[in-house]
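Single-letter residue listing:
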Amino acid sequence: MAYNKPLPNTTIGNMAFWDGLKEHEFRVPRCRDCGTYNWIPYPACKNCLSEDLDWSPVSGNATVWTYSVVHRGAGFHQTPYVVAVAKLDVDGPRSCLVLATLVDVDPAKVHIGMPVKIGYEDIPEENAAMYHFTPA
């Protein structure tokens, strides 16, 4: 079946992230000066404004911080589905929160504090991969 969801808009600034997904590796910009993981990727650290960032692989383990169950959504997801913000299990001076759909779980069983992990969806016909959360 053809992939009918939005595809990534790759740029020089985010290519390391999308390439990491193709290797099933979740990479997050980390400041070399203060150690903060910065999500969403931005040209400077959100903590200290340093531009000395490095794409660092992380485990992908996380905890649901907040979520929403979508009952009427875009035509490319079967409803209901869950959109979650989860806190990555990384060390640093600030929390690193990531937004993604949460799959392979009954929406009624999702809760704040639920352990999740990054999962990957390969899209070979597009030479791409996408990510989502799955129960840990």
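Above this note sits the structure.
Bear in mind the structure is a predicted one, so any value in this text is a computation, not a measurement.

Before going further, it helps to examine the packing of aromatic side chains. Overall, the coordinates contain 8 aromatic pairs when judged by the stated rule. Here the aromatic rings of F17 and F26 are separated by 5.4 Å at their centres, their planes lie at 85°, and the arrangement is edge-to-face. Each member of the pair, F17 together with F26, is buried. Centroid distance W39 to Y131: 6.5 Å. Interplanar angle 90°. Geometry classified as edge-to-face. Linking W39 in the loop between strand 1 (26-31) and strand 2 (53-58) with Y131 in strand 7 (residues 128-135), this pair joins segments that are 92 residues apart in sequence. On the accessibility criterion, W39 (16% relative accessible area) is buried. Given the relative accessible area of 18%, Y131 is considered buried. A network of ring pairs unites the aromatic residues F17, W18, F26, W39, W55 and Y131 as a single cluster.

Take unusual backbone geometry next. Along the chain, W39 connects to I40 via a cis peptide bond; the corresponding omega equals 15°. Of note, I40 is situated in the loop between strand 1 and strand 2. T79 connects to P80 through a cis peptide bond whose omega is -5°. By the element assignment, P80 lies in the loop between strand 3 (61-70) and strand 4 (81-88). For H24, which is not a glycine, the phi torsion comes out positive at approximately 55°. Positionally, H24 belongs in the loop between helix 1 (15-22) and strand 1. The backbone of N127 shows a phi angle near 50°, a positive value even though the residue is not glycine. By the secondary structure assignment, N127 is in the loop between strand 6 (115-123) and strand 7.

How each quantity is defined
Residues numbered from 1 in each chain as written. Predicted model: local features only at pLDDT ≥ 70, side-chain atom pairs only at ≥ 80, totals over all residues. Heavy atoms only, no water. Phe/Tyr/Trp six-rings, centres within 6.5 Å; stacked < 30°, edge-to-face > 60°. Buried < 20%, exposed > 50% of the residue type's maximum accessible area, 1.4 Å probe, protein only. Helix = DSSP H or I, 4+ residues; strand = E, 2+ residues; numbered from the N terminus.

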